[in-house]
Amino acid sequence: MEIGIYTFAETPLDPETGEQRDAGRRVRHLLEEIELADQVGLDVFGVGEHHRPDYAVSSPAIPLAAAARTTERIRLTSAVSVLSSDDPVRVFQDFSLIDLISGGRAEIMAGRGSFIESFPLFGYDLDHYNELFEEKLELLLEVRERTRITWEGKHRASIPDRPVYPRPVQAPIPVWVAVGGSGQSVDRAARLGLPMALAIIGGAPERFRPAVEFFRERLAAYGNDPDTPVSINSHGFLAEDGREAAELAFGPFKETMDRIGRERGWPPTTRQRFDAERTLRGALFVGSPQEVIDKIMYQYELFRHDRFLIQLTVGPMPHDRVLKAIELLGTEVAPVIRRETGEGKDAGGDGKAAGAEAGRDDASRPSPGD
């Protein structure tokens, strides 16, 4: 199994105005986090896309390109690219450049987005939410497949036999699809034969086992490889002591989830629920390295997944503590998981990436930043 990290580059907000603070420092810290993840041997680092004051990155390709120059082995992915409100040709070109800079380590994770700010910002109608993603994913895959494109759709200008450059090192560049567990989303990924990234950020993980089983069944039904990879992505935090990890993570976690919850009608996060989610059968990977190992292995028995990604910064966290968590994940957790599950498939050839359109207990609640 591959082990990695994803982030949305959370930023603090001014308590009086609600405006973004310290975006520059957060992005510099993000680059340090990616570099350390590479140094301690983690497999993947994903960066999400947002257009809100509480997140610093609106274009994942920019920090990933910067990290491509200063890292050696780690795979660099969006988590996610909000394809519905972007141009698939441009997304392909950006990540082709990252692939060239990194020597073949780029990935694209395509999602519809759980926040809506990008749609009016770039002139798209939310009434077309589903068909925008369908059409643009189709175009992205067409551009990935061939250099010259003739294409016509409903929501983008036609392309009359035009070449698309540059081409990536990887042929093809990996593309994953983020799903929230709905049958339609899972079936789409299976029909296209694309690896699936499934985020579990609340509730019992076994609730999502049918989605993974359905994905593999539909892959076979469409004549695609039933071993197409699956990634499980979750919130968490590590410290040498599990209680210390919980004390560090709870405040930022509650502030973030309550703020987003007020927008969406979620109940406030309680410490009781947070602690329940930290148990073996909960969704949060907050604990010591051994507790995180135990939980990954418990879910591996459920899903037999190929990749696990953890979001360490659900809300702004002290940078030195994040770096320590990355070190623990890379030096103490990842070696054990690799030994117990095997090295896994070659990430470069089958399209692995990070991402999340997530479910949450009691309803399908999107993860912040999908």
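Before any of the text, the structure's been laid out above.
Read on for an overview of the structure. Since we're looking at a predicted model, the values are computed, not measured.

**With respect to the pairing of strand 3 (residues 75-78)**
Logical step 1: Burial of strand 3 is two-sided: the residues Arg75 and Thr77 facing one way and the residues Leu76 and Ser78 facing the other way are all buried.
Logical step 2: The pairing of strand 2 (residues 44-47) with strand 3 spans 4 bridges and is classified as parallel. The partner of Gly46 across the bridge, within strand 3, is Thr77.
Logical step 3: Read as a crossover between parallel neighbours, the route from strand 2 over helix 2 (residues 61-70) to strand 3 is right-handed.
Logical step 4: Here 2 bridges tie strand 3 to strand 5 (residues 106-111), and the two strands are oriented parallel to one another. Pairing of Leu76 across the sheet is with Ala106, part of strand 5.

**A few points about the pairing of strand 2**
Each regular strand shows side chains that alternate between the opposite faces of the sheet.
Logical step 1: Both faces of strand 2 are covered, namely the face carrying Val44 and Gly46 and the face carrying Phe45 and Val47.
Logical step 2: Here strand 1 (residues 2-7) pairs with strand 2 via 4 bridges, running parallel. When the sheet's bridge partners are listed, Ile5 is paired in strand 2 with Phe45.
Logical step 3: Viewed along the sheet, the connection from strand 1 through helix 1 (residues 23-39) into strand 2 turns out right-handed.

**Regarding the pattern of salt bridges**
Logical step 1: The tally for this structure, following the rule as stated, stands at 32 salt bridges.
Logical step 2: In this structure, Arg52 and Glu263 form a salt bridge, with 2.9 Å as the shortest nitrogen-oxygen distance. Separated by 211 residues along the polypeptide, Arg52 in the loop between strand 2 and helix 2 and Glu263 in helix 8 (residues 242-264) bring together distant segments of the chain.
Logical step 3: Lys154 is paired through a salt bridge with Glu131; the nearest N and O atoms lie 3.3 Å apart. Taken as a pair, Lys154 in the loop between strand 6 (148-151) and strand 7 (159-163) and Glu131 in helix 5 (residues 129-145) lie far apart in primary sequence, 23 residues in all.
Logical step 4: Take Glu131: its relative accessible area is 33%, and that puts it in the partly exposed class.
Logical step 5: One continuous salt-bridge network, built from bridges that share partners, spans Arg52, Asp54, Glu117, Glu255, Arg259 and Glu263.

**So, the nonpolar core**
Logical step 1: Ranked by internal contacts, the top residues of the largest apolar core, which has 100 residues, are Ile3, Ile5, Leu42, Leu137, Leu238, Ile296 and Ile326.
Logical step 2: Non-local contacts of Ile326, meaning those with residues more than four positions away in its chain, are made with Ile5, Glu33, Leu36, Ala37, Val40, Leu42 and Leu312.
Logical step 3: Met109, Trp176, Ala178 and Ala197 belong to the second largest nonpolar core, which has 6 residues in total.

**Focus on the packing of helix 3 (residues 88-102) against helix 5**
Logical step 1: Across the interface, helix 3 lies against helix 5 with an axial gap of 8 Å and an inter-helix angle of 45 degrees. Regarding the angle of helix 3 to helix 5, the classification is oblique. Crossing of helix 3 over helix 5 shows right-handed handedness. Contacts between helix 3 and helix 5 involve Pro88, Val89 and Phe92 on the former and, on the latter, Lys136, Leu139, Leu140, Val143 and Arg144.
Logical step 2: Here the contact of helix 3 with helix 5 is built from residues that sort into 6 nonpolar, no polar and 2 charged.

**Some details on the side chain of Arg52**
Logical step 1: Of the residues examined, Arg52 reaches a relative accessible area of 10% and is grouped as buried.
Logical step 2: One polar contact links Arg52 to Glu263, side chain to side chain, over a distance of 2.9 Å.
Logical step 3: The contacts of Arg52, once residues within four sequence positions are left out, are Gln20, Phe115, Glu117, Arg259, Ile260 and Glu263.

**Thoughts on helix 6 (residues 183-192)**
Logical step 1: Of the residues making up helix 6, those classed as buried are Ser185, Val186, Asp187, Arg188, Ala189 and Ala190.
Logical step 2: A positive phi of about 70 degrees marks Gly193, the residue just after helix 6.

**Thoughts on the environment of Phe215**
Logical step 1: By the element assignment, Phe215 lies in helix 7 (residues 209-221).
Logical step 2: Separated by 212 residues in the primary sequence, Phe215 and Ile3 place their C-alpha atoms 21 Å from one another.
Logical step 3: Those residues in contact with Phe215 that lie beyond four places of it in its chain are Val186, Ala189, Ala190, Leu194, Pro195, Met196, Thr228, Pro229 and Val230.

**Considerations on the packing of aromatic side chains**
Logical step 1: Summed over the entire model, instances satisfying the criterion amount to 7 aromatic pairs.
Logical step 2: Between the aromatic rings of Tyr55 and Phe115, the centroid separation amounts to 6.3 Å while the plane-to-plane angle is 50 degrees, which identifies the pairing as tilted. Residue Tyr55 is found in the loop between strand 2 and helix 2, and its partner Phe115 is found in the loop between strand 5 and helix 4 (118-121); the two are separated by 60 residues along the sequence.
Logical step 3: For Tyr55, a relative accessible area of 4% translates into the label buried.
Logical step 4: According to the relative accessible area criterion, Phe115 is buried, its value standing at 8%.
Logical step 5: Between Phe250 and Phe274, the aromatic rings sit 5.0 Å apart at their centres with planes inclined by 65 degrees, giving edge-to-face as the arrangement. With Phe250 in helix 8 and Phe274 in helix 9 (residues 271-278), the pair connects residues that are 24 residues apart, well separated along the chain.

Rules behind the numbers
- Residues numbered from 1 in each chain as written.
- Predicted model: local features only at pLDDT ≥ 70, side-chain atom pairs only at ≥ 80, totals over all residues.
- Heavy atoms only, no water.
- Buried < 20%, exposed > 50% of the residue type's maximum accessible area, 1.4 Å probe, protein only.
- Helix = DSSP H or I, 4+ residues; strand = E, 2+ residues; numbered from the N terminus.
- Pairing = 2+ DSSP bridges.
- Right-handed = clockwise from strand over helix to strand, strands pointing away.
- Salt bridge = Lys/Arg side-chain N within 4 Å of Asp/Glu carboxyl O.
- Core = buried A, V, L, I, M, F, W, Y, C linked by side-chain atoms within 4.5 Å.
- Contact = heavy atoms within 4.5 Å.
- Axes fitted to C-alpha atoms, helices over the stretch in contact; angles between N-to-C directions.
- Parallel < 35°, antiparallel > 145°, perpendicular 65-115°, else oblique.
- Left-handed = near helix turned anticlockwise from the far one by under 90°.
- Nonpolar A, V, L, I, M, F, W, Y, C, P; charged D, E, K, R; others polar.
- Polar contact = N/O pair within 3.5 Å; in protein donor to acceptor, adjacent residues only side chain to side chain.
- Phe/Tyr/Trp six-rings, centres within 6.5 Å; stacked < 30°, edge-to-face > 60°.

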